[in-house]
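What follows is the residue order along each chain.
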Amino acid sequence: MKPQRTNRSRAVALCAVAASGALVLTACGSDDNSEGGGDTTSKAAGNIKCDGDGKLLASGSSAQKNAMDVWTQTYQQACDTTEINYKPTGSGAGIQEFLQGKTAFAGSDSVLKPDEVQQSQKVCKDGRAIDLPMVGGPIAVTYNVEGVDDLVLDADVLAQIFDSEITKWNDKAIAKLNPDADLPDTRIQAFHRSDESGTTDNFTKYLNAAAPKAWQHEPAKAWPTKGGQGADGSSGIATNVQQNDGAIGYVELSYATGNDLDTVDLDTGASEPVGATTDNASKAIADAKIVGEGKDLALELNHRTKAPGAYPIVLMTYEIVCDRGNKKETLDATKSFLRYTAGEDGQNVLTEKGYAPLPAEIAAKVREAVDGLA
C-alpha cells in the first residue's frame, strides 16, 4: 500500500471541506466570505477582549494575508471602535515601514536581522523589536507531469532539480524514489520566484539544511542560482506549473489547493513519505527550538526532522513589534489584537485557511510576550 498522498484529489477534498465550514478558502475560488460565516465569526468575536480604539496600521508578509483577512474581520466585529488596516506589501517592505515608525506592527516571513534589531531601537524607545511567531504553513512543492499523480522526492533530488543538475523526469534518482511510477522522458521546467520573497528564503533554507552537499547556496529571499525560470509571486508559479507539462515549483499550500495542483510527498527518512498538509506542518513546527532572547521568540526550524508525519518545508510568519516603547495611542489595541490572533479562537481558524496553527506551548509563550508589551 502506498503512503498517503497530497495530490489533486486531496486538494479538491480540502477545498470541499473548507467550503462546507463557516469560513471559505479564498484560494478555492471565492473572495466573498460573507455567506455562511456569521455563526463562527460571531462565536469567535464573542470571546475577544477589546482594548484600545482608533486605527491600527500594519503591513508586511503577503503569505499571511488570508489569515489577516479573517482575523481583522472577526476582531472588528467584536471591537467596532478599532479599525485594523493590514497591507500585504511583502516582508521586506513591512519591516522597513515599521522601522520608519509608520506602523504598529509588521508581518515578516523571516526573523529580524541584527542590523534591523539595532535600527529598531530608534523606534522602540528604551526597547527593541522582537519576533513573535503567529502563522505557520507548509510550502508545497507543486508539479505537473502527465500520467504521474503521485510523486515522492527527497531533499537531495529536489536540490539537484532546482539547481538544474537533474533535467529529465525519468532520471534514475527520481525513478529510484518512485519505482511504481511511469516517469516520462519529459524535460523538467523548474519555476522559482522572480521577486524577493520569504517563501524563497524558507525554501532555500530547507535545501541548504537538508541537502548541504547538493545545494551549496546560502539561503536568500532572492533566487540564488542562474538556472530555472522565474515567475512573479506564488500565483505566477502556480499558473506556470498548471500550464506547462513537466513543470515544478514551490508555493504556499493554499495556492496548490486553489489551483488543483499535484504536490510532492517528501522522503524525510521517516517510516513513510510525508505530505504537505497543515497538520504535518504543525508537527514540524513542534520540533522547532526557540532561539530568541527575552521576549523575542524567533524559532529555529528543524529542516532535517525525521519525526513521523512532520513536513519540514515550513514557512513561519512573525509579527514584529516593540518589546518596549510602543506608541501609547496604539499599544492597547495592538496587544488586544495579537492576544486574539495567538489565542485559541484565532489559531483555530488557520487550518480552514490553509495554515498550520501554532503548537499550544509556543502559542502560550507568544501570548505571555504580548501581555508584557509596553
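Presented here is a report on the structure given in the accompanying data block. (Residues numbered from 1 in each chain as written. Predicted model: local features only at pLDDT ≥ 70, side-chain atom pairs only at ≥ 80, totals over all residues. Heavy atoms only, no water.)

## Quick notes on the pattern of salt bridges
Let me state the cut-off plainly: What counts as a salt bridge is simple: a side-chain nitrogen of Lys or Arg found within 4 Å of a carboxyl oxygen of Asp or Glu. Throughout, exposure labels follow a simple rule: accessible area from a 1.4 Å probe, protein chains only, divided by the maximum for the residue type, with under 20% read as buried, over 50% as exposed, and the rest as partly exposed.
Per the stated rule, a full pass over the model turns up ten salt bridges. Between R193 and D195 there is a salt bridge, with the nearest N and O atoms lying 2.8 Å from each other. Residue classification places D195 among the partly exposed positions, given a relative accessible area of 23%. As a salt-bridge pair, D323 and R324 come within 4.0 Å of each other at their nearest N and O atoms.

## As for the side chain of N178
For clarity, the cut-off: Secondary structure follows DSSP: runs of H or I at least 4 residues long count as helices, runs of E at least 2 residues long count as strands, and numbering of each begins at the N terminus. When checking whether two residues touch, look at their non-hydrogen atoms; a contact exists if any pair is within 4.5 Å.
Here N178 lies in the loop between α7 (172-177) and β6 (189-193). According to the relative accessible area criterion, N178 is buried, its value standing at 6%. Residues contacting N178, with those up to four places away along its chain left out, are D150, L151 and V152.

## Focus: the pairing of strand β1 (residues 54-60)
Quick reminder of the rule: DSSP-based pairing: two strands are paired if at least 2 bridges between them are found. Handedness is read with the strands pointing away from the viewer; a crossover is right-handed when the path from the first strand over the helix to the second is clockwise.
Relative to strand β2 (residues 82-87), β1 is paired through six bridges, and the arrangement is parallel. Across the sheet, G54 pairs through a bridge with T82, a residue of β2. With helix α3 (residues 65-78) bridging β1 and the parallel β2, this β-α-β connection has right-handed handedness. Across three bridges, the pairing between β1 and strand β3 (residues 105-108) is parallel. The residue of β3 that forms the bridge with G60 is G107.

## Overview of the packing of aromatic side chains
Note the cut-off: Centres within 6.5 Å make a pair out of two Phe, Tyr or Trp rings, where for Trp the six-membered ring is used; the pair is then stacked when the planes are under 30 degrees apart, edge-to-face when over 60, and tilted otherwise.
Throughout the structure, instances matching the rule amount to nine aromatic pairs. Measuring from centroid to centroid gives 4.4 Å for F203 and Y250, while their planes differ by 10°, and the two rings are stacked. With F203 in helix α8 (residues 198-210) and Y250 in strand β8 (residues 247-252), this residue pair connects regions lying 47 residues apart in the sequence. No difference in accessibility class separates F203 from Y250, as the two residues are buried. Note on W223 and Y250: the rings are 5.9 Å apart at their centroids and 20° apart in plane angle, and the pair reads as stacked. One end of the pair, W223, is in the loop between α8 and β7 (229-231); the other, Y250, is in strand β8, and 27 residues separate them in sequence. Each member of the pair W223 and Y250 is classed as buried. An aromatic cluster is built from F162, F203, W215, W223 and Y250, whose rings are joined through pairwise contacts.

## Brief notes about the state of the cysteines
This is how it is decided: For this text, the term disulfide refers to a pair of cysteine sulfurs within 2.5 Å.
Counted by the stated rule, this structure contains two disulfides. Each sulfur in the disulfide pair C124 and C322 lies 2.0 Å from the other. In this structure the cystine formed by C124 and C322 twists about its S-S bond by roughly -70°; its chirality is therefore left-handed. Of this pair, C124 sits in the loop between α5 (114-120) and β4 (129-144) while C322 sits in strand β13 (residues 314-322), and the two are 198 residues apart along the sequence. With respect to class, C124 is no different from C322; both count as buried.

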